[in-house]
Amino acid sequence: MTLTKSDKILVTCGLPYSNGTAHIGHLRTYIPGDAYVRYLKRFGFDVRFVCGSDTHGAPIELAAEEAGITPQKLVEKYHAHFKNIFEILNIGVDFYGTTEAPYHYKRAQTIIRTLEENGYVEARDVELPYCNTCKTFLADRFLVGTCPYCGALARGDECDQGCQRYLDADQLIDPRCVICGSPAIKRKTRHHFLKLPAFTDFLIKFNEQLKGTPLARNYALGWIRQGLKDWGISRDLKWGIPYPGDEKLVLYVWAENYAGYISFTEEWARQTGADWKDYWIQGGKVVNFIGADIVYHHAVFWPAILKGVNYNTPYAIVASGMVKVEGHGLSKSRGFVIDIEEDFIKQGIDLDSVRYYILSYTGHTKDLDFVWKDFQSKLNNELVGILGNYAYRVLLFIHKNFKKIPEGTLETPVDKQIDEAVNKIHEAFHDFKFKEAVDATMQLAAYGNVLFQQCEPWKTIKLDLKQCQNDLYQCLQLLKAIAILIEPALPSIAERIWQQLGQKGSVHDTNVENCKEALKAGADLPKPEVLFTKIPDEAVDKLATGLNTRIESARSKAN
Ligand SMILES: [Zn+2]
Ligand SMILES: [Zn+2]
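On a predicted model such as this, the values are computed, not experimentally measured, just so you know.

Parameters and conventions
- Residues numbered from 1 in each chain as written.
- Chains lettered and ligands numbered in written order.
- Predicted model: local features only at pLDDT ≥ 70, side-chain atom pairs only at ≥ 80, totals over all residues.
- Pairing = 2+ DSSP bridges.
- Helix = DSSP H or I, 4+ residues; strand = E, 2+ residues; numbered from the N terminus.
- Axes fitted to C-alpha atoms, helices over the stretch in contact; angles between N-to-C directions.
- Core = buried A, V, L, I, M, F, W, Y, C linked by C-beta atoms within 7 Å.
- Buried ≥ 20, exposed ≤ 12 C-beta atoms within 10 Å, placed from the backbone.
- Contact = placed C-beta atoms within 7 Å.
- Parallel < 35°, antiparallel > 145°, perpendicular 65-115°, else oblique.
- Left-handed = near helix turned anticlockwise from the far one by under 90°.
- Nonpolar A, V, L, I, M, F, W, Y, C, P; charged D, E, K, R; others polar.

**Student:** I'd like a rundown of the sheet that holds strand 6 (residues 143-146), residues and numbers included.
**Tutor:** One open sheet accounts for three strands, arranged 7-6-8; its pairing is antiparallel. Each of the sheet's edge strands pairs with one partner strand only, and the pair in question is strand 7 (153-155) and strand 8 (173-177). Looking at each pair of strands side by side, their axes are set apart by 30° on average, direction ignored. Where strand 6 meets strand 7, three bridges bridge the pair, whose relative direction is antiparallel.

So this is what it looks like as C-alpha cells:
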C-alpha cells in the first residue's frame, strides 16, 4: 500500500499550542511537513495541507490567569503569531484554523455525540481533587504537590521541575490548589470516559499496518500491549468546548484538539467548494506529522476516536526525533530554546537557510542538537559554497558574455544525473527521509560546479564558440532542474533561481517533468544576484553569546 496519483492525500501537522511563541521544536514538525507536501506536488500527487492552533486546556487557562488577560485574548494573540510564522517560513498550508472557532466546536461535539450513540462512552462517578476556597475542581494542571519519586515540586500531570515523570494527580503528596495554595480535598463528581479497551484489537492492527516512521508504530504497540484503560474525556474547567449534554463540563483538550484535522478540512472545503468527505470518509490518505512527544495521542487515542465514529484513520504517522539546544533538552524555563522571531527573524537570518538546516542537518527521526556553529557551517559551506556558488558562477558568466540562453541540447551525462537525482528524491521522501532528498539535490549542484570547471568556458569561448554554448546550456538546464528539485526545501531561493533563469510562471507550479523540458535558446537572462551570504564568525559568536546569556539568566533566576 503506497501512495498513488489518484489518492486524495491530506497532510496535517501537530497543532501549535496557543500559550507561547514559536521555537525550533515546532519547526521540526512544520518544515518537514511542508517539504513533504511540496515534494508530493512536484511529483504530481493530489495533496492538501491543513494545520491550526490548539487553544484549550488547563495550561491556557493558567497562562491567561498569570498574564491577567482572558483565555480568549491569550489564544487570539498566539493564533495570530503562529499564522504569521507559518507565512514567513513559507509553510504553505491550504488552511490554518483554530479550535476556538464555531466550525470546530460543531465537529468536536458531533464526534463525542456519535461516540456516545455508538456505545463507546460511559458516565461514571469519580472522586476528584477540589479547592474549597476557589469552589472548583482542580484539573491536573491546577494541582501542585510533591513528586512521590523525587520529592520535587510537581504538577498534577508531570514532575516538570524534577524527574520529568508523567504523573497521575492521585500520586501527588500534599496536593494543593495552584491558584490559592489551599489543600486539595476529594469530592465526588460525574465524568465521561471513552472505553478505550474496546479498541485494543483494532489499535494493534492499525499500528501494525501504519506507515510512517517506525518510532510511532513501535511505541504505540508497546503501550497497547501493556493494556489500555478507560480514558477521561471531560474536565472541570471554565475554558473549553462545552461537553455536549453536560454543559457544566468541558471536553478534555486531548479529546477535541485533533478533531481540528477534520474541522479545518471541512472549513477549507466549504470555502473552496471541495468535499471534506473525500479525505475523511470515502477514502483519502491522511498523513500526520508530529513530534515524538505526542505519539500516544496520535497512535492510540485519536485513531480510536476515528474508528468509533467510522471515519478514516491515518495512513501514516511521521514522528520526528527530539530537538536539543547546545546538547540540552529543549526548555524555555531553562533558556535552552531558539525562538523563531527573536533569534532568526529579528537577527535577519535567511529563513530558507533555517529550513535547509532543519531538513538536512540530520535524519528526520534522529535527535537534532542545535548549535549556532553548525548552523553557520551548513549555510556557509553548503548553501553559499555549493548551491549559491554554482548558480551565480554559471549565470554571471552567461550574462556577461551572451545575455541570453545559449544554443544547445541536453546531453547524456547531465540527463543521467538529473534522472538519478529524481529517482533518489522520489524514493527518499516517500520514506520520509528528507535529508536524503535534499542531499541528492545538493549533489546535483556539486556535480554542476565540477562540470562548469571542467568545461572551461572561459577558454572555449575563444576557441570553439559552439562547444562553449552547448556546455553552458548543460549547466543552465542542470540549474533549472535544481530549482525545481530544491523547491520543497528552499521555496524562496528556488523561486529566485527560477526568475534568474528568465523562466515564466512560478517554480511552485512546476512538476519534475519540467526538469528536462528544454530551455528556450535566445531568451533573455537577467543580471544574476547572489542567493546567499555567509554568516561571518563575529555574527555567529554574537548569536551564541546571546543564547548563553539567556541560559545563564535562567539559571540565576532558578537559584
Ligand atoms: Zn484554590
Ligand atoms: Zn519527580
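**Student:** Please give an account of the nonpolar core that cites residues and values.
**Tutor:** Grouped together as the largest cluster of nonpolar side chains are 170 residues, with contacts concentrated most on Val 11, Leu 251, Val 394, Leu 476, Leu 479, Ile 482 and Ala 483. If you tally residues by element for this core, the top one is helix 16 (residues 465-486), at 13 residues. Residues within four places of Leu 251 in sequence aside, it is in contact with Ala 108, Ile 112, Ile 233, Ser 234, Gly 240, Ile 241, Tyr 243 and Glu 256.

**Student:** Give me the lowdown on the environment of Val 325, citing residues and values where you can.
**Tutor:** In this fold, Val 325 is placed in strand 16 (residues 323-325). Taking C-alpha positions, Val 325 is 9.3 Å from Trp 372, a pair spaced 47 residues apart along the chain. Excluding its chain neighbours within four sequence positions, the residues that come into contact with Val 325 are Leu 330, Phe 336, Val 337, Ile 338 and Phe 370.

**Student:** Describe the packing of helix 6 (residues 214-225) against helix 9 (residues 295-308), with residues and values.
**Tutor:** Put simply, helix 6 and helix 9 touch, their axes get as near as 9 Å, and they point 60° apart. As summarised for this structure, helix 6 and helix 9 are arranged oblique, according to the angle between their axes. The two elements helix 6 and helix 9 meet at a crossing, and its hand is right-handed. Facing Ala 216, Tyr 219, Ala 220, Trp 223 and Ile 224 of helix 6, the residues of helix 9 in contact are Val 295, Tyr 296, His 298, Ala 299 and Val 300. By residue class, the composition of the contact of helix 6 with helix 9 is nine nonpolar, one polar and no charged.

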